Amino acid sequence: MLNILSAPVLYALELTPDCNNNCPACFNVFKDNSDPLLSINDWQAILDVIAPHAHRLKLTGGEPTLHPDFPAIVRAIAQRGIAFTVFTNGRWQNPGHLLDCLSDISHLTGLLVSLHGAHAGSHETFTQVTDSFKETTNNIKLTAERGLRVTISTVLTSANLNELPEVVSLAKDLGARSVVFNRRLGTHSTHLALSESDLIATVQTIEHLKASGLPVKHGTCIPQCFTPSSS
């Protein structure tokens, strides 16, 4: 018998379009929206609707930790017994306070942190913020030292296509559990886009890293009609 879901079980909650990076490939459709942010009361009402169906949530944005009610929102999620992850750029206004908050939330399954290169040059070509590499890597290490699970998310670009093994090595050194590589979506920032041949080469590199037993995987899928892969 074919079972059909009556409602989604995975949800991405875009808490805010605000971000302290300036990535040219950002695909947040609300980033130019001037409407007021949803308040904690708004989010509680939304959570009440989806809680009976939700198996897992991903908190995203923008940079979700910039929402002024972020601590209250994660507590509200935990009170409803929903597992969740936080998709973040790792640049936090008060890292100690944020990690204190998250360390007390039992339903947090981990943080997905954007790191777009093994060096400041490649990462900051993407974020367009000076010193963002140092801040992000410092906070990844701090998060791992707190015992929270960290996964690195890397968008494949012309700036980092030769650094993928280094990204995996750096992630391990920082205490991250794994690395997810994503092909860049959208039409913006063509100077960062990979050519077809470069994308095929990066896919082959990822496949080689996986075959070597390293904790890496594809994020956004690679169509099999483009090139064979395990994505």
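Look up a bit, the structure's there.
If you're wondering where the values come from, they're calculated on a predicted model, not measured in any experiment. (Residues numbered from 1 in each chain as written. Predicted model: local features only at pLDDT ≥ 70, side-chain atom pairs only at ≥ 80, totals over all residues. Heavy atoms only, no water.)

**Q** Is there a simple way to think about the overall build of the protein in this case?
**A** For the protein, the helix and strand inventory stands at 7 helices and 7 strands. Against the globule reference of 17 Å for 231 residues, the protein gives a C-alpha radius of gyration of 18 Å, in line with a compact fold. For the protein, the spread of C-alpha atoms along the three principal axes comes to 50 × 50 × 35 Å. A burial count over the protein gives 45% of its 231 residues as buried. Of the contacts formed within the protein by residues at least 6 apart in sequence, a portion of 76% connects residues at least 24 apart. (Helix = DSSP H or I, 4+ residues; strand = E, 2+ residues; numbered from the N terminus. Rg over C-alpha atoms; globule rule 2.2 N^0.38 Å. Buried < 20%, exposed > 50% of the residue type's maximum accessible area, 1.4 Å probe, protein only. Contact = heavy atoms within 4.5 Å.)

**Q** So what exactly am I meant to see when it comes to the pattern of salt bridges here?
**A** Counted according to the given criterion, the structure contains 3 salt bridges. One salt bridge in this structure joins R146 and D100, with 2.9 Å as the shortest N-O distance. Of this pair, R146 sits in the loop between α5 (132-145) and β5 (150-156) while D100 sits in helix α3 (residues 95-103), and the two are 46 residues apart along the sequence. (Salt bridge = Lys/Arg side-chain N within 4 Å of Asp/Glu carboxyl O.)

**Q** Explanation requested: the sheet that holds strand β1 (residues 10-16) in the structure shown.
**A** Strand pairing in a sheet takes place through backbone hydrogen bonds and is either antiparallel or parallel in direction. Strand order in the open sheet made by the 7 strands is β1-β2-β3-β4-β5-β6-β7, with parallel pairing throughout. The sheet is open, and its two borders are formed by β1 and β7 (216-218), each paired with just one other strand. Strand-to-strand twist of the sheet, defined as the mean angle between neighbouring strand axes without regard to direction, takes the value 25°. Where β1 and strand β2 (residues 56-61) come together, 6 bridges link them in parallel fashion. In the strand pairing of β2, T16 is matched with G61. Relative to the sheet, helix α1 (residues 40-50) contacts β1 and β2, its axis offset from that of β1 by approximately 175°. (Pairing = 2+ DSSP bridges. Axes fitted to C-alpha atoms, helices over the stretch in contact; angles between N-to-C directions.)

**Q** What's the story with a positive patch on the surface in this structure? I'm lost.
**A** A cluster of like positive charges, contributed by R56, R149, R177 and K217, occupies part of the molecular surface. Mapped onto the secondary structure, R56 falls in strand β2. (Patch = residues over 30% accessible without salt bridge, like charges linked within 9 Å, V, L, I, M, F, W, Y side chains within 5 Å. Areas by Shrake-Rupley, 256 points an atom, 1.4 Å probe, with all protein chains shown as cover. Lys, Arg positive; Asp, Glu negative; His and termini not counted. Charge placed at Lys NZ, Arg CZ, Asp CG, Glu CD.)

**Q** For this particular structure, what's the right way to read the nonpolar core?
**A** Nonpolar side chains tend toward joint burial in soluble globular proteins. If you look at the biggest cluster of nonpolar residues, it comprises 53 residues, and the most contacted ones within it are L13, L57, L59, F84 and F181. Once residues lying within four places of it in the same chain are set aside, the contact partners of F181 are T154, L156, L164, V167, V168, I206, L209, V216, K217, H218, G219 and T220. (Core = buried A, V, L, I, M, F, W, Y, C linked by side-chain atoms within 4.5 Å.)

**Q** Would you take a moment to explain helix α6 (residues 164-174) for this structure?
**A** Each turn of an α-helix holds 3.6 residues, which means side chains three or four residues apart point in the same direction. Every buried residue of α6 is listed here: L164, V167, V168, L170, A171 and L174. One side of α6 carries all its buried residues, which in axial view fall inside an arc of 165°. For α6, the exposed residues lying more than 90 degrees away from the buried face are K172 and D173. Buried residues belonging to α6 abut α5, β5, β6 (178-183), α7 (196-211) and β7. (Arc of directions from axis to C-beta.)

**Q** What am I meant to see in the pairing of strand β3 (residues 83-88) here?
**A** A regular strand places its side chains so that they alternate between the two faces of the sheet. Note: β2 against β3, 4 bridges, orientation parallel. Of the residues in β3, the one forming a bridge with L57 is F84. Following the chain from β2 across helix α2 (residues 70-79) to the adjacent parallel β3, one finds a crossover that is right-handed. Note that β3 and strand β4 (residues 108-114) share 5 bridges and pair parallel. Residue pairing for β4: F84 is matched across the bridge by L108. The β-α-β motif built from β3, the intervening α3 and the parallel element β4 has right-handed crossover chirality. (Right-handed = clockwise from strand over helix to strand, strands pointing away.)

**Q** Before we go on, may I ask you to explain the pairing of β5 in this structure?
**A** The element β5 is extensively covered by neighbouring structure, given that 7 of its 7 residues are classed as buried. Side chains of β5 alternate between two faces, with V150, I152, T154 and L156 and T151, S153 and V155 buried alike. The sheet contact formed by β4 and β5 spans 4 bridges and is parallel. Each residue of the ladder has a partner; that of V113, found in β5, is I152.

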